[in-house]
Amino acid sequence: MKKYLFTAIIAFVCSASVRVHAQKEIALFNGKDLSNWKFVVDGNKVPGEQVFSVKNGVIEIAGAPLGYMYTTQAYGDGSLHVEWRWVDGASNSGIFLLIEDPKNPFPNGIECQLHAGDAGDFVLLGGSDLAEYRQPEGQERPKFPVIKKRNASSEKPEGEWNRAKIEIQDGVITVYINDVLQNIGTNKVKKGYIGLQSEGKKIQFRNITLTKK
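Here, residues in each chain are numbered from 1, in the same order as that chain's written sequence. Under the rules for a predicted model, residues below a pLDDT of 70 receive no local features and side-chain atom pairs below 80 are neither given nor counted, while totals for whole chains, interfaces and linings still include all residues. Computation of side-chain values covers all heavy atoms of the structure but excludes hydrogens and water.

J.: Just give me the short version of the overall build of the protein chain, but keep the residues and values in it.
T.: For helices the rule is a DSSP run of H or I covering at least 4 residues; for strands it is a run of E covering at least 2, with both sets numbered from the N terminus onward. Helix and strand counts for the protein chain stand at one helix and 15 strands. Counting every position in the protein chain, which comprises 213 residues, the buried fraction comes to 44%. Note on contacts: a residue pair qualifies if any of its non-hydrogen atoms lie within 4.5 Å across the two residues. Considering only intrachain contacts with a sequence separation of at least 6, the fraction spanning at least 24 residues in the protein chain is 67%. Only the protein chains shown count as cover for residues, and the accessible areas themselves come from Shrake-Rupley with a 1.4 Å probe. For the protein chain, the exposed area adds up to about 11100 Å²; of that, 51% sits on carbon and sulfur atoms. Note on classification: 1.4 Å probe, protein chains only; a residue is buried when its accessible area is under 20% of the maximum for its type, exposed when over 50%, partly exposed between these limits.

J.: Please set out the sheet that holds strand β9 (residues 122–125) residue by residue, giving values where relevant.
T.: Whether two strands pair comes down to DSSP finding at least two bridges between them. Strands sit in the order β2-β5-β14-β7-β8-β9-β10 across an open sheet of seven strands; the sheet is antiparallel. Each having just a single partner strand, β2 (37–41) and β10 (146–147) make up the two edges of the open sheet. By the bridge criterion, three bridges tie strand β7 (residues 94–101) to strand β14 (residues 193–198) in an arrangement that is antiparallel. When the sheet's bridge partners are listed, Ile95 is paired in β14 with Leu196.

J.: Tell me about the nonpolar core, and name the residues and values.
T.: Buried residues of nine kinds, namely Ala, Val, Leu, Ile, Met, Phe, Trp, Tyr and Cys, make up a nonpolar core once their side-chain atoms join them within 4.5 Å. Membership of the largest hydrophobic core comes to 41 residues, with the highest contact counts inside it found for Leu80, Ile95, Ile173, Leu196 and Phe205. Beyond its immediate sequence surroundings of up to four residues, Ile95 is in contact with Leu80, Val82, Ile110, Glu111, Cys112, Leu114, Ala164, Ile166, Gly195 and Leu196. Tyr68, Tyr70, Phe96 and Phe106 belong to the second largest nonpolar core, which has eight residues in total.

J.: Explain the environment of Arg134 residue by residue, including any values.
T.: Within the element layout of this structure, Arg134 appears in the loop between β9 and β10. Residue Arg134 is classed as exposed on the basis of its relative accessible area of 62%. In sequence terms Arg134 and Val146 are 12 residues apart; their C-alpha atoms lie 9.5 Å from each other.

J.: Could you give an account of the side chain of Glu167, with specific residues and numbers?
T.: Mapped onto the secondary structure, Glu167 falls in strand β11 (residues 162–169). Judged by its relative accessible area of 17%, Glu167 is buried. Reaching out from Glu167, the side chain makes a polar contact with the side chain of Ser79 at a distance of 3.3 Å. When neighbours within four sequence positions are excluded, Glu167 is seen to be in contact with Gly78, Ser79, Val172, Ile173, Thr174, Tyr176 and Lys213. Under the rule applied, a polar contact is a pair of N or O atoms within 3.5 Å (in protein, one hydrogen donor and one hydrogen acceptor; residues adjacent in sequence only if both atoms are side-chain atoms).

What follows is the structure, encoded as C-alpha cells:
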C-alpha cells in the first residue's frame, strides 16, 4: 500500500511540474531599452525615439505626436500583464492587441482602451472587428467602433500604478483592470503584434510580460 501511495505522489508531483514548465513567461520589456519594439509616429513627424523612451527602468511615452510602439514579434494565446500610470495628469492611451497590419497612425487591431475612466473598453481599429460589436441599425459604421466595459471604472488615482491582465485564447480576449473583469471580445484573428499607444499626455509603462500556455 505504501509503495502504491508513494508512486501516486511521485506521479502527481511530476504532472504538476510538467504543467508549470509548459507555461513560459516572456519579458516584452527588458527594463533597459526598446530594442525589441518598433515605432510608428503619425506622419513620421519626429523620430520614434523622441516619443518612446526608457527612463529609470520604465517606458515613458510622450503622448504627442500620436503613434504607437509595437513588438517585433507576433504573439497568439497567452496572458499579457501590463502596468501603467499617468505622469502629468490623467489622459489617453491604449494597449493594442492582435495587430495584423501596423499602419500609420492606427494599426489594424483591437485596442484595450486606457483613456482615464474608460480603461477596459474595446476600440476596433483599422477595420478590425469583434463578434460582440453590434452596429446600430440604420447607421454607418463609426471610424472607431467601441464596445464598452462591463463594470464601473476600476482604475486607481492619477500617479498610482494600474494593472491590466489580458487573456487571449483562440482569439477570445478577456480583460481585467486591477483584477476586475471589464470586457470579453471574440476575434477571428488569432495572432498579432502587441502595441502601446502615444495619445494625449505623458504615460509610463512597466512589467510588461506575456505568459504563453
